[in-house]
Amino acid sequence: MPSWPLPGGPEGRRGPPTPLVASPYVTALADLPLIARGKVREMYELTGEGSGGAPDGTGSSPEPRLLMVASDRISTYDVVHPTPIPDKGRVLTGLSVFWFERTGHIVSNHLLSATVGVPEHALGRALVVRRLRMLPVECVVRGYISGSGWRDYRASGAVSGIPLPIGVRESEQLPEPLFTPSTKADVGHDEAIDFERAVQLVGDRQLMERAREASIELYSFAAAHARERGVILADTKFEFGLDHDGRLVVGDEVLTPDSSRYWPADGFEPGHGQPSFDKQYVRDWATASGWNKRPPAPAIPADVVAGTRARYVEAYERITGEPFEAWLERTGSAPEEQERGAA
Ligand code: PZK
């Protein structure tokens, strides 16, 4: 049995649930214990009534639940901008749910509800999930060679210890999807590791083999779906955990633009880097502005915000095949629903 520390245990719970000053969008959740905080998301512990009592009335120990909240913050070059992109958090949450609901046949996931148990003001951007014991590795799958995978190939001819042929071009589709795990760095960049190192860190070869197989299947399923809708899923990252019964479960967000590289299929051309489906306006503007890509990131002008929001909504609508409004209505977070709720 692996025995890495539970997030939210003595280590993870250190520190008060600091009010999220940099993020006015989630401040009202600051009364819940903060378990993990990423650049653009927060994870809270759900406690009290309805947060985990056994539904069967057997008195068996409650299943711990978390609230995962996606903000509208955006980062480029790993630095968060002070300007939010309206609806970005709701787009990403809606996309995660779209994929969770369609991939249960590949591997079970941590999603419990996008409505029941979600605080009113977080509807649409938050999910109630099962608390897991997370594996201490990131499960990356690459169908195309880009980013750090491209840099590693250029430097060594291999990615995650997997040798590639000579003459592969940047952004090229690989003969088959590669599993290229990485460590979870607390600060700085995740470090690419080979499969054997991932096995060592997880402490269970069979478990790591199942995580690799599920990762590749999830990627292949999503990439085929996206490609039919004019979008290339170049690569993606999964985080797995174990439930109470030791079963492998995929957690975190899945197959979102923040955890993946999505490229428009239109104009795809190997030999150079591809424009990001969602962030390219911000990157182009930030580069042209002369920003040196070190903190602090500049404020984003209104037209770039509007263009970027439109790209996120377009990504949602292309991938899911439904209007983004449908997600807002299903989660009771459409403007009319909000008024009704507030009334
Ligand atoms: C968990 N993270 C990453 C960091 C975030 C998310 N189901 C789970 N059970 C226990 N822990 C986690 C999960 C999930 N998913 C995920 N850290 C812990 C993370 C920062 C903000 F929203």
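The rules behind the values
- Residues numbered from 1 in each chain as written.
- Predicted model: local features only at pLDDT ≥ 70, side-chain atom pairs only at ≥ 80, totals over all residues.
- Heavy atoms only, no water.
- Pairing = 2+ DSSP bridges.
- Helix = DSSP H or I, 4+ residues; strand = E, 2+ residues; numbered from the N terminus.
- Contact = heavy atoms within 4.5 Å.
- Near = heavy atom within 4 Å.
- Polar contact = N/O pair within 3.5 Å; in protein donor to acceptor, adjacent residues only side chain to side chain.
- Areas by Shrake-Rupley, 256 points an atom, 1.4 Å probe, with all protein chains shown as cover.
- Nonpolar A, V, L, I, M, F, W, Y, C, P; charged D, E, K, R; others polar.
- pLDDT = per-residue confidence, 0-100.
- Salt bridge = Lys/Arg side-chain N within 4 Å of Asp/Glu carboxyl O.
- Buried < 20%, exposed > 50% of the residue type's maximum accessible area, 1.4 Å probe, protein only.

Let us look at the sheet that holds strand 9 (residues 133-134). Across the sheet, 4 strands lie side by side as 6-17-16-9; this open sheet has mixed pairing. Two strands close off the open sheet at either side, each with one partner strand: strand 6 (108-109) and strand 9. Where strand 9 and strand 16 (residues 240-242) come together, 2 bridges link them in antiparallel fashion. The residue of strand 16 that forms the bridge with Arg-133 is Leu-242.

Attention shifts here to the environment of Arg-212. Of note, Arg-212 is situated in helix 4 (residues 205-228). For Arg-212 and Phe-195, which are 17 residues apart along the polypeptide, the C-alpha to C-alpha distance reads 8.9 Å. Apart from residues lying up to four places away in sequence, Arg-212 is in contact with Phe-179 and Phe-195.

Near the ligand, the surroundings consist of 16 residues, among which Gly-38, His-110, Arg-130, Leu-132 and Asp-252 are the closest. In this structure, a nitrogen atom belonging to the ligand sits 3.1 Å away from a side-chain N or O atom of His-110. Take Arg-130: an N or O atom from its main chain is 2.8 Å from a nitrogen atom of the ligand. When the ligand sits alone it has 470 Å² of accessible area, and the protein chains cover 91% of it. Going through the elements one at a time, strand 1 (34-37), strand 2 (41-46) and strand 3 (65-70) are the ones with two or more residues in the shell around the ligand. Broken down by element, the shell around the ligand gets its largest block of residues, 3 residues, from strand 2. Considered class by class, the residues forming the shell around the ligand number 7 nonpolar, 3 polar and 6 charged.

With that out of the way, let us pick up the confidence of the model for the protein chain. Per-residue confidence for the protein chain averages 89 on the pLDDT scale, and 86% of its residues sit at or above 70. Across residues 1-27, where pLDDT falls below 50, the model places 44 contacts with residues more than four positions away in sequence or in other chains.

A few words now on the pattern of salt bridges. Where charged atoms from two side chains of opposite charge come close, those side chains can pair. For the coordinates displayed, the defined rule picks out 25 salt bridges. When the shortest N-O distance is used, the salt bridge between Asp-72 and Arg-125 registers 3.3 Å. Here Arg-125 lies in the loop between strand 7 (111-113) and strand 8 (126-130) and Asp-72 lies in the loop between strand 3 and strand 4 (75-76), a separation of 53 residues in the sequence. Using a relative accessible area of 5% as the deciding quantity, one classes Asp-72 as buried.

In this structure, strand 1 lies alongside strand 2, joined through 3 bridges in antiparallel fashion. Within strand 2, the residue paired with Leu-34 across the bridge is Tyr-44. In sequence, strand 1 turns back onto strand 2 through a hairpin of 3 residues.

Successive residues of a regular strand alternate their side chains across the two faces of the sheet. Within strand 10 (residues 137-144), 8 of the 8 residues are buried, which leaves the element mostly enclosed by the surrounding structure. In terms of strand pairing, strand 10 meets strand 14 (residues 182-183) through 2 bridges, oriented antiparallel. Across the sheet, the residue bridging to Glu-138 is Ser-182, located in strand 14. Bridge count for strand 10 against strand 15 (residues 231-238) is 4 bridges, and the pairing is antiparallel. Directly across from Arg-142, in strand 15, lies its bridge partner Asp-235.

Across the chain, the bulk of peptide bonds are trans and the bulk of non-glycine residues have phi less than zero. Of the consecutive residues Pro-295 and Pro-296, the connecting peptide bond is found in the cis state with omega at 0°. Despite not being glycine, Asp-87 has its phi angle at roughly 80°, a positive value. Tracing the backbone shows Asp-87 in the loop between strand 5 (79-80) and helix 1 (88-102). Residue classification places Asp-87 among the buried positions, given a relative accessible area of 12%. Its identity as a non-glycine residue notwithstanding, Ser-171 has a phi of 75°, on the positive side. Of note, Ser-171 is situated in the loop between strand 12 (162-163) and strand 13 (173-179). Note on Ser-171: relative accessible area 1%, which makes it buried.

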